[in-house]
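Architecture and fold: a report
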Amino acid sequence: MKQLARLAIVASQPKKQLVCEDRHRADAEFARAFEASEAGNVGEAERLYRIVIALDPNYTEALVNLSQCLLYTRQYTEAERCIRRALVLDTCYALAWYNLGAALEGLSRNWEAVAAYRAAIKASPRYGDAHYNLASLLMFLQQHGEARTHAKQFIEIARYTGTEIEWIPLAHNIVRWCSPRFGESAAVREATHVLKMIRLE
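Cut-off values and rules
- Residues numbered from 1 in each chain as written.
- Predicted model: local features only at pLDDT ≥ 70, side-chain atom pairs only at ≥ 80, totals over all residues.
- Heavy atoms only, no water.
- Salt bridge = Lys/Arg side-chain N within 4 Å of Asp/Glu carboxyl O.
- Helix = DSSP H or I, 4+ residues; strand = E, 2+ residues; numbered from the N terminus.
- Buried < 20%, exposed > 50% of the residue type's maximum accessible area, 1.4 Å probe, protein only.
- Expected span 1.5 Å × (residues − 1).
- Arc of directions from axis to C-beta.
- Contact = heavy atoms within 4.5 Å.
- Core = buried A, V, L, I, M, F, W, Y, C linked by side-chain atoms within 4.5 Å.
- Phe/Tyr/Trp six-rings, centres within 6.5 Å; stacked < 30°, edge-to-face > 60°.
- Lys NZ or Arg CZ within 6 Å of the ring centre and 35° of its normal.
- Axes fitted to C-alpha atoms, helices over the stretch in contact; angles between N-to-C directions.
- Parallel < 35°, antiparallel > 145°, perpendicular 65-115°, else oblique.
- Left-handed = near helix turned anticlockwise from the far one by under 90°.
- Nonpolar A, V, L, I, M, F, W, Y, C, P; charged D, E, K, R; others polar.

Another aspect to go through is the pattern of salt bridges. All told, the structure shown has 10 salt bridges when counted by the stated rule. Residue E46 is joined to R50 by a salt bridge in which the shortest nitrogen-to-oxygen separation is 2.8 Å. A residue pair is termed a helical-turn pair when its members lie 3 or 4 positions apart in one helix, as E46 and R50 do in helix α2 (residues 42-55) at 4 residues. Residue E46 is classed as buried on the basis of its relative accessible area, which comes to 14%. Relative accessible area serves as the criterion here: at 33%, R50 is assigned to the partly exposed category.

What follows concerns unusual backbone geometry. Positive phi values are uncommon outside glycine, yet S108 reaches one of about 65 degrees. With respect to the helices and strands, the residue S108 is situated in the loop between α5 (94-106) and α6 (110-123). Relative accessible area serves as the criterion here: at 58%, S108 is assigned to the exposed category. Backbone geometry places Q142, a non-glycine residue, at a positive phi of 65 degrees. With respect to the element layout, Q142 can be found in the loop between α7 (128-140) and α8 (144-161).

With that out of the way, let us pick up the environment of T73. Tracing the backbone shows T73 in the loop between α3 (60-72) and α4 (76-89). Remark: the alpha-carbon pair of T73 and G43, spanning 30 residues in sequence, is separated by 9.1 Å.

Further remarks concern α4. The end-to-end C-alpha separation of α4 is 20 Å, in line with the 20 Å expected for 14 residues at 1.5 Å each. Taken together, the buried positions of α4 are Y76, A79, E80, C82, I83, A86 and L87. Within α4, the buried residues cover an arc of 165 degrees as seen down the axis, which keeps them to one side. Exposed residues lying more than 90 degrees from the buried face of α4 are R81 and V88. Those residues of α4 that are buried are in contact with α3 and α5.

Let's shift gears to α6. End to end, α6 covers 20 Å across 14 residues, agreeing with the expected 20 Å (1.5 Å per residue, within 8%). Looking at α6, one finds that the buried residues are N110, A113, V114, A116, Y117, A119, A120 and I121.

A few words now on the nonpolar core. Ranked by internal contacts, the top residues of the largest apolar core, which has 62 residues, are Y49, F154 and I174. Broken down by element, this core gets its largest block of residues, 8 residues, from α5. With residues near it in sequence (within four places) discarded, F154 still touches G128, D129, H131, Y132, E164, W167, I168 and A171.

Under the counting rule described, the total for this entry stands at 6 aromatic pairs. Here the aromatic rings of F30 and Y49 are separated by 5.6 Å at their centres, their planes lie at 65 degrees, and the arrangement is edge-to-face. One end of the pair, F30, is in helix α1 (residues 21-38); the other, Y49, is in helix α2, with 19 residues separating them in the sequence. Considering the side-chain rings of Y132 and W167, the 5.2 Å spacing of their centres and the 65 degrees angle between planes classify their relative orientation as edge-to-face. Pair noted here: Y132 is in helix α7 and W167 is in the loop between α8 and α9 (168-177), with a separation of 35 residues, a long-range link. Taken together, the ring pairs connect F30, Y49 and Y59 into an aromatic cluster. Over the ring of Y160 we find R126, and its NZ or CZ is 5.8 Å from the ring centre.

Between α8 and α9, the shortest axis-to-axis distance is 8 Å and the interhelical angle comes to 155 degrees. Classified by the interaxial angle, the pair formed by α8 and α9 is roughly antiparallel. α9 is crossed by α8, and the crossing has left-handed handedness. Judged by residue contacts, A147, R148, A151, K152, F154, I155, A158 and R159 of α8 engage I168, A171, H172, I174 and V175 from α9. Residues that form the contact of α8 with α9 fall into these classes: 9 nonpolar, 1 polar and 3 charged.

In structure tokens:
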């Protein structure tokens, strides 16, 4: 799956205090939704996450995971609403900021997406995917110096963790295309267009 579909899905942390029967049921439905999403059944996962949120409107993980399903089906406006609800509950939730960046980018609100990806990195400085998305979006926006910085950080993180290594060649391309010798050439403009199409598939 390409970049907008590669958003991590988080599992709920154990709840030490379950205050009502609805919360017990919400946790059970969350587990079912997570299993559905892991099996690739996005429609069923979306249905179950909506049940979780109906039972507990403040279930932050369910809001973020529902946004993942909505991003996968390109329902960007509703995804944005879900994520903003989650961020009211937890302003330092790196995955929520990352998903918000993806939703805003899908809506072509690119500078707002840049701010969201930066917030994800502020919340989690070693967030490799956020560095990659920010690098490629900044390249598209002709912010070549900062794009190179984040592409290099992604490469370093990916090599250290051994994850997302299949994206390292594209990150190297960002570094190369954003080097001073490429400048504002037609080749760079074409590269940014191609890279954006790859990321939005």
